[in-house]
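# Secondary and tertiary structure notes
One-letter residues, chain by chain:
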Amino acid sequence: MTAIQESIFILKKASIDMDFTKYWRAFVSLVFPITCADCNRPLVEGEEFLCLHCRIDLPLTNYHLINPNPLETALSGYITISRAHAYLKYNKKGTAQKLLHQLKYGGSKKVGLILGKWMARDLKSDLEASQIDYIVPVPLHRTRSRKRGYNQSMEIARGLSETLGIPIASEVIKRIRMYKSQAKKSRLDRLNSDQSEYKVIDKAMIEGKHILLVDDVITTGATIGAVSRELLLVGGVAKLSIACLATGK
């Protein structure tokens, strides 16, 4: 067989393999349809995770286009931040809540990766202008991480990193304590009790740097506040920006 004949054979085989893969995926989708994470409609070719209708109707905050930024205003009372970004508006029984529930409790870590990429694309110009050195996901206690199988904030950080080309520094801070649900406590009580939950373990890597701290959702702001204080006061970061998938603020 000549080199030309061999090349033609390889191309034909690749084409057959691609066709088989395409038809196999179509068959699998017919028997076991992949549905929209929000409305449960079967997804069609080209749709990923959400159908086009739900993707268009995502409750975007667009806070980065508002001055003053509502999230920055809400957080400025107890932490010093450079910028604050929230991709989705969180409402009970809304789209953001459904997506976060799948991410945190449904074992769908791909939700974090995909939404992290979408958030990065929407906020790309703003985030690139900030000249961020590292992306740091809010750490999850090892017990909860083992139970869940992953850290949801880390998956969001992966999506941001892959799209923006900014490295992740996931080992610079750890969660060293874990308490039971504090949902019924006041914000002041939560802020006080969260102060010793986190510990910087690699100050040299982040000192003097601009860090983008990533979380899944900001509600009271207690968690993001506790991690931020540790990074600023102990870690010595020069600038701290915040990014979350959703916020109720």
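A brief report on the enclosed structure follows. (Residues numbered from 1 in each chain as written. Predicted model: local features only at pLDDT ≥ 70, side-chain atom pairs only at ≥ 80, totals over all residues. Heavy atoms only, no water.)

### Let's talk about the sheet that holds strand β1 (residues 84-89)
In space, the four strands of this open sheet follow the order β1-β6-β5-β2, with parallel pairing throughout. Across the chains shown, the open sheet's two edge strands, defined by having one partner strand only, are β1 and β2 (134-137). Across the sheet, the mean angle separating the axes of adjacent strands is 20° when strand polarity is ignored. Note: β2 against strand β5 (residues 210-218), four bridges, orientation parallel. (Pairing = 2+ DSSP bridges. Helix = DSSP H or I, 4+ residues; strand = E, 2+ residues; numbered from the N terminus. Axes fitted to C-alpha atoms, helices over the stretch in contact; angles between N-to-C directions.)

### A closer look at the packing of aromatic side chains
Inspection of the entire model under this criterion finds one aromatic pair. On the basis of an interplanar angle of 55° and a centroid distance of 6.3 Å, the ring pair of F49 and W118 is categorised as tilted. Of this pair, F49 sits in the loop between α1 (3-31) and α2 (52-56) while W118 sits in helix α5 (residues 110-122); the two residues are 69 residues apart in sequence, bridging distant segments of the chain. In this pair, the class of F49 matches that of W118, namely buried. The cationic tip of R55 hangs over the ring face of W118; the distance from NZ or CZ to the ring centre is 3.6 Å. (Phe/Tyr/Trp six-rings, centres within 6.5 Å; stacked < 30°, edge-to-face > 60°. Buried < 20%, exposed > 50% of the residue type's maximum accessible area, 1.4 Å probe, protein only. Lys NZ or Arg CZ within 6 Å of the ring centre and 35° of its normal.)

### Looking at unusual backbone geometry
Of note, the bond from N67 into P68 is cis; its omega dihedral lies within 30 degrees of zero at 5°. Among the structural elements, P68 can be located in the loop between α2 and α3 (70-75). Within the chain, N62 stands out as a residue other than glycine whose phi angle is a positive 55°. Within the fold, N62 resides in the loop between α2 and α3. Even without being glycine, Q131 reaches a positive phi, approximately 55°. With respect to the secondary-structure elements, Q131 resides in the loop between α6 (124-129) and β2.

### Section: the packing of helix α4 (residues 95-105) against α5
The interhelical angle for the contact between α4 and α5, taken along N-to-C directions, is 130°, at an axis separation of 8 Å. One way to sum up the angle between α4 and α5 is to call them oblique. Side by side, α4 and α5 meet where L99, Q102 and L103 of the first sit next to V111, G112 and L115 of the second. In terms of residue class, the contact of α4 with α5 is built from four nonpolar, two polar and no charged. (Parallel < 35°, antiparallel > 145°, perpendicular 65-115°, else oblique. Contact = heavy atoms within 4.5 Å. Nonpolar A, V, L, I, M, F, W, Y, C, P; charged D, E, K, R; others polar.)

Read these as geometric descriptors, not functional statements.
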